[in-house]
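# Summary of structural features
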Amino acid sequence: MKNKLKHILTVLGLMLIIGCVSEDDLNVLEENTISEENLEPEALVIAAYSALDYRYNTGDFRDLWPFDHAPSNWGTSDIRSGDAYKGGGGTGDNPGGGMHQLETHDLFPSSDNVYNLWRSIYFGIKRVDTALRFLTELEEGEFDKRDIRLGELYVLRAHFYFEAMKNFGSIVWYDENTPVTELKSIPNTFDENFIWDKIEGDLNNAISLLPESQPDLGRANALVAHAYLAKAHLFQENWQGVISHTNMVINSGQYRLVEDIERLYSEPGYGNPENIFAIQFSINDGSQYGNVNFGDLLNSPDSPNDDPNHPYLNGDDFHKPSQNLANAYKVNNQGLPMFNTFNSENIDEEDLVDPRLDHTIGRPGITWKDWTAMSQQPNWSRDAGTYGLLVRKKNMIYPTSDGMASNPNGFPWALGNLDFPLIKYSDLLLWKAEALIETGDVSQGIEIINEIRLRAKNSPYVKDFENPAEDAANYLISTYPTSLSQEQAIEALRFERRLELANEGHRFFDLVRWGIADSYLSEYIATEQARRSYLSGANLEPHEYYLPIPQIEIDASGGVYTQRPGY
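To start, this report covers the structure provided alongside it. (Residues numbered from 1 in each chain as written. Predicted model: local features only at pLDDT ≥ 70, side-chain atom pairs only at ≥ 80, totals over all residues. Heavy atoms only, no water.)

## Structural notes on the side chain of Arg498
Here is the rule: In DSSP terms, a helix is any run of H or I states spanning at least four residues, a strand is any run of E spanning at least two, and both are numbered starting from the N terminus. Note on classification: 1.4 Å probe, protein chains only; a residue is buried when its accessible area is under 20% of the maximum for its type, exposed when over 50%, partly exposed between these limits. A contact between two residues is defined here by any heavy atoms of the two lying within 4.5 Å.
Within the element layout of this structure, Arg498 appears in helix 17 (residues 486-500). Classification of Arg498 as buried rests on a relative accessible area of 2%. Setting aside residues up to four positions removed in sequence, Arg498 forms contacts with Gly82, Asp83, Ser322, Asn324, Leu325, Ala328, Tyr329, Phe342, Arg507 and Tyr520.

Here's what the structure looks like:
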């Protein structure tokens, strides 16, 4: 049986952060941390992996609790894309002081949300750099896994620089060959092509060093590197590169679409065959709550007075699916999306809907996963008047799972050892479909989209709470004809990415790379502000495709860093 990397994290005890509720609990002694006296190659590599969850034992609250700059990108993608609202207890309930402004596209360089994300990404890059500098200095024979671990580190560095590019655009780049004395003099004005070349270089180096599979499930392998390389080509519209590297992953036979969508989003371990690369989480590892997804801590549904019949006892109700997203799951009599008319009226119980709706979005009266004490209630929403009654449901653990961090319920609510996918097989399939359609092979691209739709059709449907023999809604989904025009196929592809990958941190970045973010969001806001009045006056300017460079970093650089135009 494969050992999960999360267990190695636990055994080594590296950089483990003891969960806490009060500021006083931050004053703890660090144990098993890395210093010049105990440098060890495996420990340094594991420390680099542990940075994927953006939690760092610095004693600073922002580094311990990354819910305002989560690695899932819910704050920097989902709520900026029209697929989700910030949520919580109103517009003034504002983690990091700028989460509401992220949703309304009122970005500012002094935002703590922006600074905290930059800080977390570069903390991760620093950990990778520390490990690379150490491993490259080892003599031959000193460490028998040296080349494999170097390959893993190249993948991790590519990941962190990719996140920096998606979010900030203008970034600082350095590697293990950069003299330490020069680190403070590196500007953030590198040409984008230069950064992409460096990311691709790391991934190609990784492919040359890594095996296609690893004994530890969470470690990067050569196929993970191929997947990231395909994604890098996707962002640059190098369609042949996308096809070539996705084929390497697909033809390996190592990954697949799992059969049950609800279990994929709810059951720890079930999604392993579909998760090409994921952030690993654990419980019962000696820490207070476990190594769990604290970036998404606030996103479980609310429960007034800690109702014991609530699946998670409580939550903060952030990251709420938008009405527009829910409406997008409506289908016509043929079981296909209503591209141009889905948002003319809000979804109701008579509508035909894609079955993925109730796996993705929680709706009042609908069964909540495997919970039998009650169906979803209206009072699970903290501020329904501002944000509506829909709640996040996807990528939230079964409430009866023995993988919950606090079972049967309690803080940290809906968290447990459910991993968070960074690259899923379904995502990769849609990259290939997009590349095929863009290069004129429409029929093959549509066949791939249909493969994903057939999985949704054949997956078990959510059942009615009162009558489990009946479906919870009027579910219908079918496949596209392969005779679509290229223009129709592009529309189908982009809509499918929204439905399949909703609120997984991809949508805003998709809109930007497609070059439609400002027009799409202008149309979204024009309609949605009638439902959510706080969106009145919101507007995405082209310079807001990317976050501002944190002002605190510009000031600290003494003028070496420059702000993006428009801020």
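Alright, that's what it looks like, and here's the rest.
## Here we look at the pattern of salt bridges
Quick note on the threshold: Salt bridges, as used here, are contacts in which a Lys or Arg side-chain nitrogen is within 4 Å of a carboxyl oxygen on Asp or Glu.
If you walk through the whole model with that rule in mind, you get 36 salt bridges. Across the salt bridge formed by Glu42 and Arg149, the nearest N and O atoms sit 2.9 Å from each other. Here Glu42 is found in helix 2 (residues 41-50), whereas its partner Arg149 is found in helix 7 (residues 146-168), with 107 residues between them in sequence. The residues Glu42 and Arg149 share a single accessibility class, namely buried. For the salt bridge of Glu274 with Arg455, the shortest nitrogen-to-oxygen distance reads 2.9 Å. Of this pair, Glu274 sits in the loop between helix 11 (261-266) and strand 2 (275-279) while Arg455 sits in helix 16 (residues 442-458), and the two are 181 residues apart along the sequence. Take Glu274 and Arg455: they sit in the same class, and that class is buried.

## Quick notes on empty space enclosed by the protein
Under the convention used in this document: Of the two site types, the cavity is a set of points on a 1 Å grid over the protein atoms alone where a 1.4 Å probe fits but cannot get out, and the pocket is an open set with protein on both sides within 12 Å along at least five of seven lines, each lined by residues with an atom within 4 Å of a point. Grid points are joined across faces, edges and corners, and a volume is the space filled by probe spheres set on the points. Three classes are used: nonpolar for Ala, Val, Leu, Ile, Met, Phe, Trp, Tyr, Cys and Pro, charged for Asp, Glu, Lys and Arg, and polar for all others, with Gly counted as polar.
Under the counting rule described, the total for this entry stands at 12 cavities of 30 Å³ or more. Space inside the largest cavity adds up to approximately 160 Å³. Around the largest cavity sit 15 residues that line it, and Asn293, Arg392, Asn395, Ala414 and Leu415 are the ones nearest its centre. A breakdown of the residues in the lining of the largest cavity according to their chemical character gives 7 nonpolar, 5 polar and 3 charged.

## Quick notes on the pairing of strand 7 (residues 420-424)
The condition is simple: In this description, strands pair whenever DSSP reports at least two bridges between them.
Of all the 5 residues making up strand 7, 5 are buried; the element is thus mostly covered by neighbouring parts of the structure. Judged from the 4 bridges that link them, strand 2 and strand 7 form a sheet pairing that is antiparallel. What sits directly across from Ile279, in strand 7, is Phe420.

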